[in-house]
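Residue strings, one per chain:
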Amino acid sequence: MAFNLSIEREGELKAVIARYPVTRSALLPALWLVQDETGFVSDEAVAYVAKTLDLPEADVYGALTFYTMFNRRKLGRHHIQVCTNICCWLRGSEDVLKYLKAKLNIDVGGTTKDGAFTLSTVECLGACGGAPMMMVDLEYYEDLTPVKIDEILKNLK
Amino acid sequence: MDQILTHNFKVMNAARLNAYLGRDGYRSIQKIFGMQPEAVINEVKASGLRGRGGAGFPTGTKWGFVPKNLPLQPVLCINADESEPGTFKDRAIMERDPHLLIEGIIIAAYAIGAHEAFIYIRGEYFRPYLILQAAVAEAYETGFLGNNILNRGFKLDVTIHRGGGAYICGEETGLITSIEGFRGYPRLKPPFPAVKGLYGRPTVVNNVETLAALPYIINEGAAKYASVGTEKSKGSKLMSVAGHVNKPGVYEIPLGMPLITFLNEYAGGVWKNRKLKAVIPGGSSVPVMTAVEARDTLLDYESTAQHGTMLGSGGMIVMDETADMVMALKVLSDFYHHESCGQCTPCREGTGWINKILKRIIDGQGQKDDLEMLLKIADNMVGRTICVLADALAMPVKSFITKFRKEFEDRIKG
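Residues numbered from 1 in each chain as written. Chains lettered and ligands numbered in written order. Predicted model: local features only at pLDDT ≥ 70, side-chain atom pairs only at ≥ 80, totals over all residues. Heavy atoms only, no water.

**Thoughts on the overall build of chain A**
For chain A, the helix and strand inventory stands at seven helices and four strands. Along chain A, from the amino end to the carboxyl end, the secondary structure elements read α-α-α-α-β-α-α-β-β-β-α. A principal-axis box enclosing the C-alpha atoms of chain A has dimensions of 50 × 35 × 25 Å. Of all 157 residues assigned to chain A, the portion counted as buried reaches 54%. Counting only contacts in chain A whose residues sit at least 6 apart along the sequence, the fraction spanning at least 24 positions is 59%. Within the structure as shown, chain A displays about 7300 Å² of accessible surface, and the carbon and sulfur contribution to it stands at 52%. Positive and negative side-chain charges of chain A, numbering 17 and 21 respectively, have mean locations separated by a distance of 4 Å. (Helix = DSSP H or I, 4+ residues; strand = E, 2+ residues; numbered from the N terminus. Buried < 20%, exposed > 50% of the residue type's maximum accessible area, 1.4 Å probe, protein only. Contact = heavy atoms within 4.5 Å. Areas by Shrake-Rupley, 256 points an atom, 1.4 Å probe, with all protein chains shown as cover. Lys, Arg positive; Asp, Glu negative; His and termini not counted. Charge placed at Lys NZ, Arg CZ, Asp CG, Glu CD.)

**Some remarks on the overall build of chain B**
Looking only at helices and strands, one finds 19 helices and twelve strands in chain B. For a compact globule of 414 residues, the expected C-alpha radius of gyration is about 22 Å, and chain B comes in at 22 Å, within 12% of that figure. Considered along the principal axes of its C-alpha atoms, chain B spans approximately 75 × 45 × 35 Å. When each of the 414 residues of chain B is scored for burial, the buried share is 62%. Intrachain contacts of chain B at a sequence separation of at least 6 include 71% that bridge at least 24 residues. For chain B, the accessible area works out to roughly 15400 Å², and carbon and sulfur atoms hold 52% of it. Here chain B holds 47 positive side-chain charges and 43 negative ones, and the gap between their average locations is 1 Å. (Rg over C-alpha atoms; globule rule 2.2 N^0.38 Å.)

**What to know about the pattern of salt bridges**
Residue and element names in this part refer to chain B. Inspection of the entire model under this criterion finds 36 salt bridges over all chains. Here Lys-368 makes a salt bridge to Asp-369, at a shortest N to O gap of 3.7 Å. The exposure class of Lys-368 is exposed, given its relative accessible area of 75%. (Salt bridge = Lys/Arg side-chain N within 4 Å of Asp/Glu carboxyl O.)

**Focus on the domain arrangement of chain B**
Residues and elements named next belong to chain B. When its domains are assigned, chain B resolves into domain 1 (17–226), domain 2 (236–320) and domain 3 (325–413). Computed from C-alpha coordinates alone, the two centres of domain 1 and domain 2 are separated by 27 Å. Listed by partner, the interface residues are 16 residues for domain 1 and 20 residues for domain 2. Our count for the contact surface shared by domain 1 and domain 2 stands at two salt bridges. Taking the shortest distance from any N to any O, the salt bridge between Glu-302 and Arg-50 comes out at 3.0 Å. The interface formed by domain 1 and domain 2 holds eleven residue pairs in polar contact (both at pLDDT 80 or more) in total. The residue inventory of the side of domain 1 that touches domain 2, partitioned by class, reads five nonpolar, six polar and five charged. (Domains from an automatic or database assignment. Polar contact = N/O pair within 3.5 Å; in protein donor to acceptor, adjacent residues only side chain to side chain. Nonpolar A, V, L, I, M, F, W, Y, C, P; charged D, E, K, R; others polar.)

**So, the interface of chain A and chain B**
Listed as interface residues are 38 residues of chain A and, on the opposing side, 59 residues of chain B. Taking both sides of the interface into account, the surface hidden between chain A and chain B amounts to around 3800 Å²; carbon and sulfur atoms contribute 60%. For the interface between chain A and chain B, the tally reads two salt bridges. The residue A:Glu139 makes a salt bridge to B:Arg127 at a minimum N-O spacing of 2.5 Å. Taken together, chain A and chain B are joined by 23 residue pairs in polar contact (both at pLDDT 80 or more). Sorting the residues of the side of chain A that touches chain B by element identifies helix H2 (27–38), helix H4 (57–64), helix H5 (86–90) and strand E4 (139–141) of chain A as the ones contributing at least two each. Of the residues that constitute the side of chain A that touches chain B, the class distribution is 23 nonpolar, eight polar and seven charged. (Buried area = accessible area lost by both parts, 1.4 Å probe.)

**Concerning the environment of B:Gly54**
All names here are of chain B. Here Gly-54 is to be found in the loop between helix H3 (37–47) and helix H4 (59–64). Gly-54 gets classed as partly exposed once you look at its relative accessible area, which sits at 24%. Placed 27 residues apart in sequence, Gly-54 and Arg-27 show a C-alpha to C-alpha distance of 28 Å. Discounting residues that sit within four places of it in the chain, Gly-54 has contacts with Gly-312 and Ser-313.

**Regarding the side chain of B:Asn79**
Residues and elements named next belong to chain B. Tracing the backbone shows Asn-79 in strand E1 (residues 75–80). A polar contact is formed between the side chain of Asn-79 and the backbone oxygen of Gly-170, at a distance of 2.8 Å. When near neighbours in sequence (up to four residues on either side) are disregarded, Asn-79 contacts Asp-90, Tyr-120, Gly-170, Leu-175, Val-205, Asn-206, Asn-207 and Val-208.

Below, the structure is given as structure tokens:
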């Protein structure tokens, strides 16, 4: 099935293209709009972006697979990403990850059976002052404890 | 010392234009329009301001590299891709005082003659992005940005460009390549961006914190800014401190402050009444220091260099006596291996080999030559690649193994 952005997002993409001297510069913004729309970037979406920006599909795939925030498959409704880099590790990110794995009963990369959560690890998110931390979708949660994690997940489900 | 960068951090709604204007915001813009661009550059040169992204290169000098009277118009890129582990100071500026950044952008753009500026913000900084976007919109509405700023005939458009999750895009040529719509591969220098950068045009890439210092320099004068700090490291610096301390966070200090004073009086000292074991003073890629080395180090470019490390981005990582240095290095190698863009063999393979060897040491499978092999690989990575990502892992490898060798040997012996 051919991919299309919503009319609103398509308008946004046109405005973004106009902001740059070179159309190709709109590649990352276009991928963001696609991901906002469907939660991931499908092969059909790649074809759409390539056509809209007048680029070879290979170039779109090239960027897509380089930037780690773009998902190539459908994830759970919420994407939990636990920072495991040095500052979070020094303040207990291993325990946070262990707790989440047990609570959700999934491994890193897995999605809960009800489709609510996908669990990932992630590199430093620039919130080292609130370590250990995680990002859920695009929101930061800092100074994590088991009680706090329970609360966050309850409010998300 | 005046709060040069943080004077609005505790002000309610400082991110909104009204509050910012009420705090004397955008005052420097009137002033620069009465100056020649060259005079602005000279003022910044005289202030001694150095790039706060990590390299510490003099800002005015960098601006001076932009060729004059070229047919191609210069561009300003703002590096807000803050991704160096331990560093979270630019986020503080963008969230708490975004108009200060925009004011700095206008000054820099005027100085180099740029009419387009691109803020490259890391994709994960979504909240700061929204705050910044709202501030940019306010600046357009009130005539601080746009075709005819304050009716003084200067045009400047600011576009915020969100990254997609790639550490390497914080490297200035990687950042440029990424804005152009490619994988964020760094480029060989020369040509330097000042001559041939974004879209082949003369380009200046400045860090968020660097730009945020400009309004003060223009308003108060270079001499007053230069009266803060040391002879060669002038002005103030934002330090972000994390790890085993009581009060992690972002603090503004005069350059030259003793590291231990900062640790105890700002960061609240080492947590849990434990002893200090190690400090990484300037983001995860600079060499680690032992507690003894940290004792008489000052937080400025020269003193950190004399002690074999760097001030870098000012992202300080503190480790107490319980920290496992082998595991710490393994964690760092996970990061640099993951973030190597893959263009250069010494980096792509070297970060992977280092990561593999450290993993086997952690798993109890270390071999007796492993430490020599790690050091040899690190030696073969330094200075042999397009950008310094390879060095950014090689330096921790060398410093961790040299300074905490016994811990590594014990782990290998099992």
